Amino acid sequence: MSLRQTLSEFYPPKPTFTEQDLEDLAGKTYLITGGTSGIGFILTKILYSKNAKVYITSRSAASGEKAISEIKESNKSSRGELRYLVMDLGDLQTIVPAVKSFLAQETLLHTVWFNAGVMKAPSGSMTKQGYELHWGTNVVGHFVMNKLLMPILLATAQVAPKGSVRVVWVSSDGHNFLSPKGDGIDWQDIATLKSTGWKGEKGPMTYYGQSKAGNVLLAMELAKRYGNQDIVGVALNPGHLKTNLQRHSTSSMSNKFGGLVLHDPSLGALTELYAGFSKTIGLDNNGAYIIPWGRLGKIRQDIEAGFHDRGTGKRLWDILEKETEQYT
Ligand SMILES: NC(=O)c1ccc[n+]([C@@H]2O[C@H](COP(=O)([O-])OP(=O)(O)OC[C@H]3O[C@@H](n4cnc5c(N)ncnc54)[C@H](OP(=O)(O)O)[C@@H]3O)[C@@H](O)[C@H]2O)c1
């Protein structure tokens, strides 16, 4: 990844793809994890304004209802629909009933954004099943959802325009700055659960970066596995944005100086919109990485080399598949 790209991710050029470029989405169904806050909330608003049916995930019925009523209040003329699914990505047992409820209501899913995420959670934080919290939430929970949703995505790809059915993995340039050198993943580390004495030695931001490298690898591996059945995998860095993601941050430095580089979250929603709809992305460049506010970019070189030369995408996919077998 060039210094030029890195700098342009901090201070991106103006977006070239906005809601004005989006067709009417009536009759289409979308799913966004973490639609209650930040970028996911704004993306939901945009799709709803184009008359789509949008499902968001929320950790409680109250937060799902609140987000939906705010969006409906802000757009009274939409002919779209908004629904929520209660789940906690940090508890795999909650994902199965939520996805089942979605599948009971829908026969098509045009694109899913794995957008929910947690950053800088206190050292030693765990998911219900004993995964390091960033890894468990950002990677393992979304992997389980992806597996459960794949049949409906494949069915949709048979009837939708080629290259339009997408699985969007929201990563971060943290995959570049923060993840372990080499594969982006410390394989020993991700195999270590709480029950075996794991204490979170690496520090929250390394774990965040590692989880975002995992998101990138899963997008590329998904493209490889399902591209021939017309499913597109995309990963992205939405940009540096003022959202609730910094909720765990206690660093006075980052709080003080964050304002210098944190942009309006609506711009990050445009990065996600581009990943979901731009025609510059498709089956020909399946597994693309998108940078703010909607441009093709490159991932870190060693992670890219690991994917192509060392089969790291397959390795990760296979590990997760085995570990989560009972939930999928
Ligand atoms: N903001 C940035 O500068 C930035 C930069 C790079 C990448 N990103 C990525 O962008 C994505 C969206 O983040 P954001 O900035 O919009 O942050 P945000 O405002 O904190 O939104 C995160 C969303 O994820 C949900 N979430 C967190 N933990 C969850 C869990 N265990 N189960 C289910 N949902 C959970 C949150 O739900 P609750 O409301 O219930 O907490 C919220 O809806 C994340 O993947 C993040 O890593 C953001």
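Anyway, here's the lowdown on the structure attached to this text. (Residues numbered from 1 in each chain as written. Predicted model: local features only at pLDDT ≥ 70, side-chain atom pairs only at ≥ 80, totals over all residues. Heavy atoms only, no water.)

1. As for the pattern of salt bridges
Then comes step 1: Under the counting rule described, the total for this entry stands at 17 salt bridges.
Then comes step 2: One salt bridge in this structure joins Glu-106 and Arg-83, with 3.9 Å as the shortest N-O distance. Of this pair, Glu-106 sits in the loop between helix 4 (92–105) and strand 4 (111–114) while Arg-83 sits in strand 3 (residues 81–86), and the two are 23 residues apart along the sequence.
Then comes step 3: Residue Glu-106 is classed as buried on the basis of its relative accessible area of 10%.
Then comes step 4: For Arg-83, a relative accessible area of 26% puts it in the partly exposed group.
Then comes step 5: Across the pair Asp-189 and Lys-202 runs a salt bridge, and its minimum N-O distance is 3.5 Å. Residue Asp-189 is located in helix 7 (residues 187–190), and its partner Lys-202 is located in the loop between helix 7 and helix 8 (204–226); the two are separated by 13 residues in the primary sequence.
Then comes step 6: Salt bridges sharing common partners tie together Lys-53, Glu-81, Arg-83 and Glu-106. (Salt bridge = Lys/Arg side-chain N within 4 Å of Asp/Glu carboxyl O. Helix = DSSP H or I, 4+ residues; strand = E, 2+ residues; numbered from the N terminus. Buried < 20%, exposed > 50% of the residue type's maximum accessible area, 1.4 Å probe, protein only.)

2. Quick word on the nonpolar core
Then comes step 1: Ranked by size, the top nonpolar core spans 55 residues in total, and within it Ile-95, Trp-135, Met-145, Leu-149, Leu-153, Ile-231 and Leu-316 carry the most contacts.
Then comes step 2: The next biggest cluster of nonpolar side chains, apart from the first, holds 36 residues, and it includes Ile-42, Tyr-48, Val-54 and Leu-82. (Core = buried A, V, L, I, M, F, W, Y, C linked by side-chain atoms within 4.5 Å.)

3. Details of the packing of helix 5 (residues 133–159) against helix 12 (residues 312–323)
Then comes step 1: Between helix 5 and helix 12, whose axes approach to 10 Å, the crossing angle comes to 80 degrees. Of the possible angle classes, the one that applies to helix 5 and helix 12 is roughly perpendicular. Contact with helix 5, carried on its side by Trp-135, Val-139, Val-140, Phe-143, Asn-146 and Lys-147, involves Leu-316, Trp-317, Leu-320 and Glu-321 of helix 12 and no other residues of that element.
Then comes step 2: A class-by-class count of the residues in the contact of helix 5 with helix 12 yields seven nonpolar, one polar and two charged. (Axes fitted to C-alpha atoms, helices over the stretch in contact; angles between N-to-C directions. Parallel < 35°, antiparallel > 145°, perpendicular 65-115°, else oblique. Contact = heavy atoms within 4.5 Å. Nonpolar A, V, L, I, M, F, W, Y, C, P; charged D, E, K, R; others polar.)

4. Some words on unusual backbone geometry
Then comes step 1: A cis amide bond, omega -15 degrees, links Pro-292 with the succeeding residue Trp-293.
Then comes step 2: With respect to the secondary-structure elements, Trp-293 resides in the loop between strand 7 (289–291) and strand 8 (295–297).
Then comes step 3: The backbone of Lys-120 sits at a positive phi, close to 55 degrees, despite the residue not being glycine.
Then comes step 4: Looking at where Lys-120 falls in the secondary structure, it is placed in the loop between strand 4 and helix 5.

5. A look at the packing of helix 5 against helix 8
Then comes step 1: Running from N to C, helix 5 and helix 8 cross one another at 20 degrees; their axes reach a closest spacing of 8 Å. Between helix 5 and helix 8, the crossing angle belongs to the class labelled roughly parallel. Where helix 5 crosses over helix 8, the two elements pack in a sense that is right-handed. Along its contact with helix 5, which presents His-134, Trp-135, Asn-138, Val-139, Phe-143, Asn-146, Met-150 and Leu-154, the element helix 8 presents Pro-204, Tyr-207, Tyr-208, Gln-210, Ser-211, Lys-212, Gly-214, Asn-215, Leu-218, Leu-222 and Tyr-226. (Left-handed = near helix turned anticlockwise from the far one by under 90°.)

6. Considerations on the sheet that holds strand 7
Then comes step 1: Strand order in this open sheet of eight strands is 3-2-1-4-5-6-7-8, and the pairing throughout is mixed. Strands with a single pairing partner mark the edges of an open sheet, and in this sheet they are strand 3 and strand 8. Sheet twist, expressed as the mean angle between neighbouring strand axes with direction ignored, is 25 degrees.
Then comes step 2: In the sheet, strand 5 (residues 166–170) pairs with strand 6 (residues 232–236) via five bridges, with the strands oriented parallel. In the strand pairing of strand 6, Arg-166 is matched with Val-232.
Then comes step 3: Running at roughly 150 degrees to strand 3, helix 4 makes contact with strand 1 (29–32), strand 2 (53–58) and strand 3 of the sheet. (Pairing = 2+ DSSP bridges.)

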